[in-house]
Amino acid sequence: MESSERPRVVVGVDGSPSSYAALRWADRYARTTGCAVEAIHVWDTPSSRGWSGPAIDPDFDLQQARERFAEELGAVFPGERPPGLTEHLVEGDPSEVLIRASEGAELLVVGRRGRGGFARAMLGSVSQRCAQHAACPVVVVGQEQDRVH
């Protein structure tokens, strides 16, 4: 997933408020350090994991994931995307994809809690696994209103 010779900052984007904050944080960091930002949205087809249920068209899931990712990036960066931002839509397990993407990166940035999970949890399962297993330093960012000013 290497985008250039510039150092990379990888950031996971899942539509949660803390992932939006993580993307904003990664963009600010990259602007001050000259890094390229790789925004990664991971999607999963329920049938690929063996879940029971109605047959699902993987192309439909891919199209939905593509549209959701575009909406998420548009919510964080209305108008033009920042220079140096690359977008990756990857099918798979979010923590595995982000850990793999962290190889060779300067930094991995994730939201404190994603779309699922328990509100009382300090870290979500993806951010916790990334913090434990990433190949580079990890920054875990909470929602903007979670921060103390």
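To be clear, the structure that these remarks concern was listed above.
Structure report, in brief. Please read all numbers here as calculations on a predicted model, not as lab measurements.

Let's shift gears to the overall build of the protein. When you go through the protein residue by residue, the secondary structure sums to 4 helices and 5 strands. Reading the helices (α) and strands (β) of the protein from amino to carboxyl end gives β-α-β-α-β-α-β-α-β. Buried positions account for 40% of the 149 residues belonging to the protein. Sequence separation of 24 or more characterises 76% of the internal contacts of the protein that already satisfy a separation of 6 or more.

In the contact formed by helix H3 (residues 94-101) and helix H4 (residues 125-133), the axes pass within 9 Å of each other and the chain directions differ by 30°. When the axis of H3 is compared with that of H4, the two are roughly parallel. The handedness of the crossing between H3 and H4 comes out as right-handed. Contacts between H3 and H4 involve Pro-94, Ser-95, Glu-96, Leu-98 and Ile-99 on the former and, on the latter, Val-126, Arg-129, Cys-130 and His-133. Split into classes, the residues belonging to the contact of H3 with H4 amount to 5 nonpolar, 2 polar and 2 charged.

Time to look at the sheet that holds strand E2 (residues 36-43). Sheet architecture is open: 5 strands sit in the order E3-E2-E1-E4-E5, paired in parallel fashion. Taken across any chain shown, the strands that pair with only one partner, and hence form the sheet edges, are strand E3 (85-91) and strand E5 (138-141). Strand after strand, the sheet turns through a mean of 20° between neighbouring axes, direction not considered. As paired strands, strand E1 (residues 8-12) and strand E4 (residues 107-111) are joined by 3 bridges and run parallel to one another. Note on E4: the bridge partner recorded for Val-9 is Leu-107. Packed onto the sheet, H3 meets E1, E2, E3 and E4 and runs at close to 155° relative to E2. Taken strand by strand, H4 contacts E4 and E5, and its axis lies near 160° from that of E4.

Counting 20 residues, the largest nonpolar core has Val-9, Val-11, Leu-23, Ala-26, Val-37, Ala-39 and Val-109 as its most contacted members. Contributing elements (two or more residues each) for this core: E1, helix H1 (17-33), E2, helix H2 (58-76) and E4. If you tally residues by element for this core, the top one is H1, at 6 residues. Among residues more than four places away in sequence, those in contact with Ala-39 are Val-11, Val-13, Leu-23, Phe-69, Leu-73, Leu-85, Thr-86, Glu-87 and His-88. Residues Val-10, Ile-40, Leu-98 and Ala-134 belong to the second largest nonpolar core, which totals 14 residues.

Before going further, it helps to examine the pairing of E4. Most of E4 is tucked away, with 5 of its 5 residues classed as buried. Judged by which residues are buried, E4 turns out to be covered on both faces: Leu-107, Val-109 and Gly-111 on one side and Leu-108 and Val-110 on the other are all buried. Of the pairings in the sheet, the one linking E4 to E5 comprises 4 bridges and is parallel in character. By the bridge assignment for E5, Leu-108 is matched with Val-138.

This part covers the side chain of Ser-127. Considering the arrangement of structural elements, one finds Ser-127 in helix H4. On the basis of relative accessibility, which here comes to 3%, the residue Ser-127 falls in the buried class. Here Arg-112 takes part through its backbone oxygen, which lies 3.0 Å from a polar atom of the side chain of Ser-127. Residues within four places of Ser-127 in sequence aside, it is in contact with Val-110, Gly-111, Arg-112 and Val-140.

Cut-off values and rules
- Within each chain, residue numbers correspond to sequence positions counted from 1 in written order.
- Confidence filtering applies because this is a predicted model: local features only for residues at pLDDT of at least 70, side-chain atom pairs given and counted only at 80 or more, and all residues used for totals across whole chains, interfaces and linings.
- Only hydrogens and water are set aside; all other atoms, that is, all heavy atoms of the structure, feed into the side-chain values.
- Per the convention used, a helix needs a DSSP run of H or I reaching at least four residues, while a strand needs a run of E reaching at least two, with both numbered from the N terminus.
- A 1.4 Å probe rolled over the protein chains alone gives each residue an accessible area, and that area as a share of the maximum for its type sets the label: buried under 20%, exposed over 50%, partly exposed in between.
- Residue contacts are defined here by distance: any two heavy atoms, one from each residue, within 4.5 Å place the two residues in contact.
- Here, axes are lines fitted to C-alpha atoms. For helices the fit covers the stretch in contact, and angles between N-to-C directions go from 0 to 180 degrees.
- Under this scheme an angle from 65 to 115 degrees is roughly perpendicular, one under 35 degrees roughly parallel, and one over 145 degrees roughly antiparallel; angles in between are oblique.
- Left-handed describes a crossing whose near helix is turned anticlockwise from the far helix by less than a right angle; the clockwise case is right-handed.
- In this classification, Asp, Glu, Lys and Arg are treated as charged, Ala, Val, Leu, Ile, Met, Phe, Trp, Tyr, Cys and Pro as nonpolar, and every other residue, Gly included, as polar.
- Here, strands pair whenever DSSP counts at least two bridges between them.
- Remark: nonpolar core denotes a set of buried residues (Ala, Val, Leu, Ile, Met, Phe, Trp, Tyr, Cys) joined through side-chain atoms within 4.5 Å.
- Counting of polar contacts relies on pairs of N or O atoms within 3.5 Å, with two restrictions inside protein: one atom must be capable of donating a hydrogen and the other of accepting it, and residues adjacent in sequence are counted only when both atoms are side-chain atoms.

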